[in-house]
Amino acid sequence: MQAVWKHRSALWRREPGKVGRRGLPYLVLFQIALPFLAPLIDVAALYGVVFLNPLPILAYWAVFNLLQLFLGAYAFRLDGERLRPLWALPLQQFVYRQLMYLVVVQATISAVRGVGLRWQHVERTGEIEVARGAS
């Protein structure tokens, strides 16, 4: 959101480059609008599982997770990594999505209200102890 706001004037510039006309709308759509609306999709899916025929909804969910698992396995193979950590991918995706929803909704509400969020930082004291290892 900060990047979009900072570069908002690029939407109307006639300079070479497509950041304003392509990059900013992409960011607004895929990094702000869709994550902001995503909880509604989850609620609709939950409604469909509970009150409608759950088979098609669960099938779409399974295919989506299998596709993510396949893409993750492909990426791991490209990097020469073991596939063992991928067992937790569906759980991680569920937890990550909820965290993403929370962050996007909080940031959007703060932006609309005009409230800035501060960075969380560790207080620097200048005191450090370096352990010397055996060489």
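What counts, and where the lines are drawn
- Residues numbered from 1 in each chain as written.
- Predicted model: local features only at pLDDT ≥ 70, side-chain atom pairs only at ≥ 80, totals over all residues.
- Heavy atoms only, no water.
- Helix = DSSP H or I, 4+ residues; strand = E, 2+ residues; numbered from the N terminus.
- Rg over C-alpha atoms; globule rule 2.2 N^0.38 Å.
- Buried < 20%, exposed > 50% of the residue type's maximum accessible area, 1.4 Å probe, protein only.
- Contact = heavy atoms within 4.5 Å.
- Phe/Tyr/Trp six-rings, centres within 6.5 Å; stacked < 30°, edge-to-face > 60°.
- Patch = residues over 30% accessible without salt bridge, like charges linked within 9 Å, V, L, I, M, F, W, Y side chains within 5 Å.
- Areas by Shrake-Rupley, 256 points an atom, 1.4 Å probe, with all protein chains shown as cover.
- Salt bridge = Lys/Arg side-chain N within 4 Å of Asp/Glu carboxyl O.
- pLDDT = per-residue confidence, 0-100.
- Expected span 1.5 Å × (residues − 1).

A.B. asks: Please explain the overall build of the chain as it appears in this structure.
C.D. replies: Scanning the chain for helices and strands turns up four helices and zero strands. Whereas a compact globule of 135 residues would reach a radius of gyration of roughly 14 Å, the chain reaches 22 Å, over 25% beyond that. Taken over the C-alpha atoms alone, the chain extends approximately 60 × 55 × 35 Å along its principal axes. For the chain, the proportion of its 135 residues judged to be buried stands at 12%. Residue pairs at least 24 apart in sequence account for 41% of intrachain contacts in the chain once pairs closer than 6 positions are excluded.

A.B. asks: Is there a simple way to explain the packing of aromatic side chains in this structure?
C.D. replies: The relation between two aromatic rings is expressed through the spacing of the ring centres and the mutual angle of the planes. Taken as a whole and judged by the stated rule, the model has two aromatic pairs. When the centroid spacing of 5.0 Å and the interplanar angle of 45 degrees are considered together, the rings of Y26 and F30 count as tilted. With Y26 and F30 both in helix α2 (residues 19-51) and four residues apart, the pair spans about one turn of that helix.

A.B. asks: Help me understand a nonpolar patch on the surface in this model?
C.D. replies: Taken together, the side chains of Y26, L27, L29, F30 and L34 present a nonpolar region at the surface, about 440 Å² in accessible area. Relative to the helices and strands, L27 is located in helix α2. Taking the relative accessible area as the measure of exposure, L27 reaches 30% and is therefore partly exposed.

A.B. asks: Looking at this structure, I do not really get the pattern of salt bridges. What am I missing?
C.D. replies: Side-chain pairing between opposite charges can occur once the charged atoms of the two side chains come close. Taken as a whole, this structure holds one salt bridge when the rule is applied. For D42, the salt bridge goes to R97, with nearest N and O atoms at 2.7 Å. Highlighted residues: D42 in helix α2 and R97 in helix α4 (residues 89-113), separated in sequence by 55 residues. Accessibility expressed as a relative area gives 25% for R97, which makes it partly exposed.

A.B. asks: What exactly am I supposed to notice about the environment of Q106 here?
C.D. replies: On the secondary structure map, Q106 appears in helix α4. Note: C-alpha distance between Q106 and F36 (70 residues apart in sequence) is 9.8 Å.

A.B. asks: Please explain the environment of Q98 as it appears in this structure.
C.D. replies: Looking at the secondary structure, you find Q98 in helix α4. Expressed as a C-alpha distance, the spacing of Q98 and P35, which sit 63 residues apart in the sequence, is 10.0 Å.

A.B. asks: Can you walk me through the confidence of the model for the chain in this structure?
C.D. replies: Close inspection of predicted coordinates is inappropriate in any region flagged by low pLDDT. The predicted model of the chain has a mean per-residue pLDDT of 83, with 90% of residues at 70 or higher. Within the chain, helix α1 (residues 2-6) has the poorest average pLDDT of any element, 78, and helix α3 (residues 54-79) the best, 91.

A.B. asks: What is the right way to read the side chain of T108 from this model?
C.D. replies: Mapped onto the fold, T108 is located in helix α4. T108 gets classed as buried once you look at its relative accessible area, which sits at 16%.

A.B. asks: Just checking my understanding: could you explain α4 for this structure?
C.D. replies: Given a rise of 1.5 Å per residue, 25 residues ought to cover 36 Å, and the 35 Å separating the end C-alpha atoms of α4 matches this to within 8%. Residues of α4 that are buried in the fold lie against α2 and α3.

A.B. asks: What's the story with α3 in this structure? I'm lost.
C.D. replies: Given 3.6 residues per turn, any residue in an α-helix points the same way as the ones three and four places further on. Over its 26 residues, α3 runs 37 Å from end to end, which matches the ideal 38 Å to within 8%, given 1.5 Å per residue. Taken from the residues just after α3, G80 is the one with a positive phi, measuring 75 degrees.

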